[in-house]
Amino acid sequence: DPILSVYINKERRFAFVEFKTMDICTACLALDGVDVCNKGKVKIKRPNDYNPSLAPVTSSATDSVINLFDISKLGIVSGTVPDSPNKIFIGGLPYHLNESQVMELLGAFGKVKAFHLVKADPTALTSKGYCFVEYSDGESIRDVAVMGLNGMDMGGGKVLSARIAAVRGDPETTKDH
């Protein structure tokens, strides 16, 4: 069993889960932001007193196992879109569109692996008009989706802007063209 102990506080709506290994814990962090049965998004994080410098060093083999943990294979769309060459930025979204409406638009191009509609705060009813997405099929869908979404007329003077998101610190994606 990968779980050592669980403490659930139903009144305050939180739980503590202690895992047998740090690797399993790290893999489960990928579930952060997942909507559970349309009842709300789960918030998963390490404890406030977690100090990564005190954690044991993991091997590269362990890191590759963690990277293979892909929740999209379970039919779950991650609420966190990691920086990668397949991360797409989409701007110009009408503020009133909710997650399911934007997901319907994005789903027309392929299976969505990760999606995040940016809001001022998690409880806000309206978005800031932009989102990030990554498709399950990576590069093959990425380029088609960017071409199809960029310049799309959303009505009311709104036109979408879609591009491959810049990866922080990568000179190829952050230089001016």
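If you're wondering where the values come from, they're calculated on a predicted model, not measured in any experiment.

**Describing the environment of leucine 29**
- Assignment of secondary structure puts leucine 29 in the loop between helix H1 (22-28) and helix H2 (60-68).
- The spacing of leucine 29 and lysine 45 is 16 residues in sequence and 6.5 Å in space, taken between C-alpha atoms.
- Beyond its immediate stretch of four places on either side in the chain, leucine 29 contacts Ile44, Lys45 and Arg46.

**Overview of helix H4 (residues 139-149)**
- Listed as buried for H4 are Ile141, Arg142, Ala145, Val146 and Leu149. Taken around the axis of H4, the buried residues stretch over an arc of 130 degrees, which confines them to a single face. Turned more than 90 degrees off the buried face of H4, the exposed positions are Glu139 and Met147.
- Where the residues of H4 are buried, they touch strand S3 (88-91), helix H3 (99-107), strand S5 (130-135) and strand S8 (161-164).
- With its phi angle positive at about 85 degrees, glycine 151 sits one or two positions after the end of H4.

**What to know about the sheet that holds S8**
- A sheet is described by the order of its strands in space; here four strands give the open sequence S4-S5-S3-S8, paired in antiparallel fashion. Two strands close off the open sheet at either side, each with one partner strand: strand S4 (112-117) and S8. Direction aside, the axes of adjacent strands within the sheet are offset by 20 degrees on average.
- Two elements, S4 and S5, share five bridges in a ladder whose sense is antiparallel. When the bridges of S5 are listed, leucine 117 appears paired with cysteine 131.
- Of the strands in this sheet, S3, S4 and S5 touch H3, which is tilted by about 140 degrees from S4.
- Sitting on the sheet, H4 is in contact with S3, S5 and S8, with an inclination near 155 degrees to S8.

What counts and what doesn't
- Residues numbered from 1 in each chain as written.
- Predicted model: local features only at pLDDT ≥ 70, side-chain atom pairs only at ≥ 80, totals over all residues.
- Heavy atoms only, no water.
- Helix = DSSP H or I, 4+ residues; strand = E, 2+ residues; numbered from the N terminus.
- Contact = heavy atoms within 4.5 Å.
- Buried < 20%, exposed > 50% of the residue type's maximum accessible area, 1.4 Å probe, protein only.
- Arc of directions from axis to C-beta.
- Pairing = 2+ DSSP bridges.
- Axes fitted to C-alpha atoms, helices over the stretch in contact; angles between N-to-C directions.

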